[in-house]
Amino acid sequence: MNHVVIYTDGACKGNPGPGGWGAFLRSDGHEKELWGGERDTTNNRMELMAVIEALSALKRPCTVDLYVDSEYVRKGITEWIHGWKKKGWVTAAKQPVKNAELWRRLDALVHDGTHKIAWHWVKGHSGDPGNERADALANRGVPA
(Lines give C-alpha, C1' and ligand atoms only; values in the text may rest on other atoms or scores of the structure.)
Protein backbone atom coordinates (compact mmCIF):
# COMPACT_ATOMS: atom_id res chain seq x y z
CA MET A 1 0.00 0.00 0.00
CA ASN A 2 1.16 3.51 -0.77
CA HIS A 3 1.75 5.77 2.22
CA VAL A 4 0.10 9.20 2.00
CA VAL A 5 0.37 12.12 4.40
CA ILE A 6 -2.67 14.43 4.28
CA TYR A 7 -3.25 17.79 5.97
CA THR A 8 -6.75 19.29 5.80
CA ASP A 9 -8.36 22.51 6.98
CA GLY A 10 -11.55 24.50 6.68
CA ALA A 11 -12.12 28.25 6.77
CA CYS A 12 -15.21 30.42 7.06
CA LYS A 13 -15.66 34.18 6.78
CA GLY A 14 -18.52 34.48 9.22
CA ASN A 15 -20.06 31.35 10.65
CA PRO A 16 -22.26 30.82 8.71
CA GLY A 17 -20.88 32.64 5.70
CA PRO A 18 -18.67 32.03 2.70
CA GLY A 19 -16.26 29.20 3.41
CA GLY A 20 -13.49 27.14 1.92
CA TRP A 21 -11.74 23.84 2.41
CA GLY A 22 -8.20 22.82 1.59
CA ALA A 23 -6.15 19.65 1.52
CA PHE A 24 -2.45 19.01 0.99
CA LEU A 25 -1.42 15.45 0.08
CA ARG A 26 2.12 14.11 -0.08
CA SER A 27 3.29 10.64 -1.17
CA ASP A 28 6.65 9.37 -2.46
CA GLY A 29 7.91 12.86 -3.29
CA HIS A 30 4.69 13.85 -5.07
CA GLU A 31 2.42 16.60 -3.78
CA LYS A 32 -1.16 17.51 -4.57
CA GLU A 33 -3.19 20.54 -3.49
CA LEU A 34 -6.98 20.56 -3.42
CA TRP A 35 -9.37 23.35 -2.50
CA GLY A 36 -12.96 24.44 -2.96
CA GLY A 37 -15.71 26.31 -1.19
CA GLU A 38 -19.32 27.30 -0.77
CA ARG A 39 -21.05 30.67 -0.54
CA ASP A 40 -23.18 29.88 2.54
CA THR A 41 -21.69 27.32 4.90
CA THR A 42 -20.08 26.78 8.30
CA ASN A 43 -16.55 26.14 9.47
CA ASN A 44 -17.43 22.60 10.60
CA ARG A 45 -18.88 21.75 7.17
CA MET A 46 -15.69 22.98 5.51
CA GLU A 47 -13.52 20.95 7.90
CA LEU A 48 -15.52 17.85 6.94
CA MET A 49 -15.43 18.64 3.21
CA ALA A 50 -11.64 18.96 3.30
CA VAL A 51 -11.26 15.42 4.62
CA ILE A 52 -13.97 14.01 2.33
CA GLU A 53 -12.37 15.54 -0.77
CA ALA A 54 -8.85 14.47 0.24
CA LEU A 55 -9.84 10.84 0.80
CA SER A 56 -11.97 10.85 -2.37
CA ALA A 57 -8.89 11.89 -4.36
CA LEU A 58 -7.00 8.69 -3.47
CA LYS A 59 -7.03 6.35 -6.48
CA ARG A 60 -5.91 3.13 -4.77
CA PRO A 61 -5.82 1.68 -1.24
CA CYS A 62 -3.41 3.64 0.96
CA THR A 63 -1.98 3.85 4.41
CA VAL A 64 -2.85 7.39 5.44
CA ASP A 65 -1.53 9.70 8.13
CA LEU A 66 -4.29 12.32 8.27
CA TYR A 67 -3.66 15.58 10.14
CA VAL A 68 -6.57 17.81 11.14
CA ASP A 69 -6.80 20.82 13.43
CA SER A 70 -10.48 20.10 14.09
CA GLU A 71 -11.34 18.03 17.14
CA TYR A 72 -14.91 18.05 15.80
CA VAL A 73 -13.77 16.00 12.81
CA ARG A 74 -11.23 13.79 14.61
CA LYS A 75 -13.45 12.91 17.56
CA GLY A 76 -16.56 12.77 15.41
CA ILE A 77 -15.18 10.09 13.10
CA THR A 78 -13.19 8.11 15.70
CA GLU A 79 -15.53 8.30 18.71
CA TRP A 80 -18.94 9.91 18.35
CA ILE A 81 -20.05 8.41 15.04
CA HIS A 82 -20.53 4.91 16.51
CA GLY A 83 -23.16 6.20 18.95
CA TRP A 84 -24.83 8.38 16.33
CA LYS A 85 -25.27 5.38 14.04
CA LYS A 86 -26.64 3.19 16.85
CA LYS A 87 -29.14 5.89 17.83
CA GLY A 88 -30.33 6.60 14.29
CA TRP A 89 -28.22 9.74 13.75
CA VAL A 90 -29.33 11.59 16.87
CA THR A 91 -27.08 12.93 19.61
CA ALA A 92 -27.05 11.98 23.27
CA ALA A 93 -29.27 15.06 23.77
CA LYS A 94 -31.80 13.50 21.34
CA GLN A 95 -31.13 16.14 18.67
CA PRO A 96 -30.44 15.36 15.01
CA VAL A 97 -26.72 15.14 14.26
CA LYS A 98 -25.61 18.31 12.49
CA ASN A 99 -24.06 17.75 9.07
CA ALA A 100 -25.30 14.14 9.07
CA GLU A 101 -25.08 13.87 5.27
CA LEU A 102 -21.39 14.81 5.37
CA TRP A 103 -20.73 12.45 8.29
CA ARG A 104 -22.34 9.64 6.28
CA ARG A 105 -20.09 10.41 3.30
CA LEU A 106 -17.01 10.48 5.50
CA ASP A 107 -18.07 7.30 7.30
CA ALA A 108 -18.35 5.47 3.96
CA LEU A 109 -14.86 6.62 2.93
CA VAL A 110 -13.25 5.78 6.26
CA HIS A 111 -14.93 2.52 7.18
CA ASP A 112 -15.17 0.75 3.82
CA GLY A 113 -11.82 -0.97 4.42
CA THR A 114 -10.06 0.62 1.45
CA HIS A 115 -7.61 2.74 3.45
CA LYS A 116 -5.80 2.31 6.76
CA ILE A 117 -6.11 5.75 8.35
CA ALA A 118 -4.25 7.07 11.39
CA TRP A 119 -5.89 10.27 12.68
CA HIS A 120 -3.72 13.02 14.11
CA TRP A 121 -4.67 16.34 15.69
CA VAL A 122 -2.40 19.32 15.17
CA LYS A 123 -2.87 22.73 16.76
CA GLY A 124 -4.03 25.21 14.12
CA HIS A 125 -2.09 28.40 13.40
CA SER A 126 0.90 27.13 15.37
CA GLY A 127 3.48 27.04 12.59
CA ASP A 128 3.09 23.41 11.50
CA PRO A 129 4.07 23.62 7.78
CA GLY A 130 1.46 21.10 6.56
CA ASN A 131 -1.34 22.71 8.55
CA GLU A 132 -0.35 26.20 7.40
CA ARG A 133 -0.40 25.02 3.79
CA ALA A 134 -3.85 23.43 4.21
CA ASP A 135 -5.07 26.65 5.86
CA ALA A 136 -3.83 28.71 2.90
CA LEU A 137 -5.62 26.34 0.50
CA ALA A 138 -8.84 26.57 2.53
CA ASN A 139 -8.68 30.36 2.36
CA ARG A 140 -8.04 30.14 -1.41
CA GLY A 141 -11.26 28.14 -1.68
CA VAL A 142 -13.47 30.79 -0.03
CA PRO A 143 -15.70 32.28 -2.76
CA ALA A 144 -15.12 35.98 -3.38
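Provided above is the structure to which this section pertains.
Being a predicted model, the structure only gives us computed values, none of them experimental. (Residues numbered from 1 in each chain as written. Predicted model: local features only at pLDDT ≥ 70, side-chain atom pairs only at ≥ 80, totals over all residues. Heavy atoms only, no water.)

Draft legend 1. Geometry of the layout of surface pockets. Estimates place the volume of the largest pocket at around 320 Å³. Taken together, 14 residues make up the lining of the largest pocket; nearest its centre are Val-4, Leu-25, Ser-27, Leu-58 and Arg-60. Mapped by element, the contributors of at least two residues to the lining of the largest pocket are strand E1 (2-12), strand E2 (17-27) and strand E3 (30-41). Residues of the lining of the largest pocket, tallied by class, amount to 5 nonpolar, 3 polar and 6 charged. (1 Å grid on protein atoms, 1.4 Å probe; cavity = no way out; pocket = protein on both sides within 12 Å on 5 of 7 lines; lining within 4 Å. Points joined across faces, edges and corners; volume = space filled by probe spheres on them. Helix = DSSP H or I, 4+ residues; strand = E, 2+ residues; numbered from the N terminus. Nonpolar A, V, L, I, M, F, W, Y, C, P; charged D, E, K, R; others polar.)

Draft legend 2. Structural detail: the nonpolar core. Core analysis: the largest hydrophobic core is formed by 35 residues, its most contacted members being Ile-6, Leu-55, Trp-103, Leu-106 and Trp-119. Listing elements by their share of this core, those giving two or more residues are E1, E2, helix H1 (43-56), strand E4 (62-68), helix H2 (71-86), helix H3 (100-110) and strand E5 (116-121). Counting residues per element, this core draws most heavily on H1, which supplies 8 residues. (Core = buried A, V, L, I, M, F, W, Y, C linked by side-chain atoms within 4.5 Å. Buried < 20%, exposed > 50% of the residue type's maximum accessible area, 1.4 Å probe, protein only.)

Draft legend 3. Inspection of H2 at higher detail. Between the first and last C-alpha of H2 there are 21 Å, a value that for 16 residues agrees with the 22 Å anticipated at 1.5 Å per step. Where H2 bends most, at Trp-80, the angle is about 60°. Every buried residue of H2 is accounted for by Tyr-72, Val-73, Arg-74, Gly-76, Ile-77, Ile-81 and Trp-84. Once H2 ends, the next one or two residues include Gly-88, with phi positive near 75°. (Expected span 1.5 Å × (residues − 1). Bend = angle between axes of the 7 residues up to and from the residue.)

Draft legend 4. Fine view of unusual backbone geometry. With an omega dihedral of 15°, the bond running from Asn-15 to Pro-16 counts as a cis peptide bond. The phi angle at Trp-89 is positive, at roughly 65°, despite the residue not being glycine. On the accessibility criterion, Trp-89 (14% relative accessible area) is buried.

Draft legend 5. Seen up close, the side chain of Ser-27. With respect to the helices, strands and loops of the structure, Ser-27 is situated in strand E2. Those residues within four positions of Ser-27 in sequence are excluded, and the remaining contacts are Asn-2, His-3 and Val-4. (Contact = heavy atoms within 4.5 Å.)

Draft legend 6. Quick peek at the pattern of salt bridges. Inspection of the entire model under this criterion finds 6 salt bridges. Between Glu-33 and Arg-133 there is a salt bridge, with its nearest N and O atoms 2.9 Å apart. Within this pair, whereas Glu-33 is found in strand E3, its partner Arg-133 is found in helix H4 (residues 129-141), the two being separated by 100 residues in sequence. Glu-33 sits in the partly exposed class, given a relative accessible area of 32%. Owing to a relative accessible area of 29%, Arg-133 belongs among the partly exposed residues under this scheme. Two residues, Glu-33 and Arg-140, come together in a salt bridge whose shortest N-O distance is 4.0 Å. Of this pair, Glu-33 sits in strand E3 while Arg-140 sits in helix H4, placing them 107 residues apart in sequence. Arg-140 gets classed as partly exposed once you look at its relative accessible area, which sits at 48%. If you follow the salt bridges from partner to partner, you end up with Glu-31, Glu-33, Arg-133 and Arg-140 in one network. (Salt bridge = Lys/Arg side-chain N within 4 Å of Asp/Glu carboxyl O.)

Draft legend 7. Layout of H3. The set of residues buried in H3 consists of Ala-100, Leu-102, Trp-103, Leu-106, Asp-107, Leu-109 and Val-110. Among the structural elements, H1, H2 and E5 are those in contact with the buried residues of H3.

Draft legend 8. Summary view of the packing of H2 against H3. Relative to each other, H2 and H3 sit at 95°, their axes nearing to 11 Å. Judged by the inter-axis angle, H2 sits roughly perpendicular to H3. Seen from H2, the contacting residues are Tyr-72, Val-73, Gly-76, Ile-77, Ile-81, Trp-84 and Lys-85; seen from H3, they are Trp-103, Leu-106, Asp-107 and Val-110. Residues that form the contact of H2 with H3 fall into these classes: 8 nonpolar, 1 polar and 2 charged. (Axes fitted to C-alpha atoms, helices over the stretch in contact; angles between N-to-C directions. Parallel < 35°, antiparallel > 145°, perpendicular 65-115°, else oblique.)

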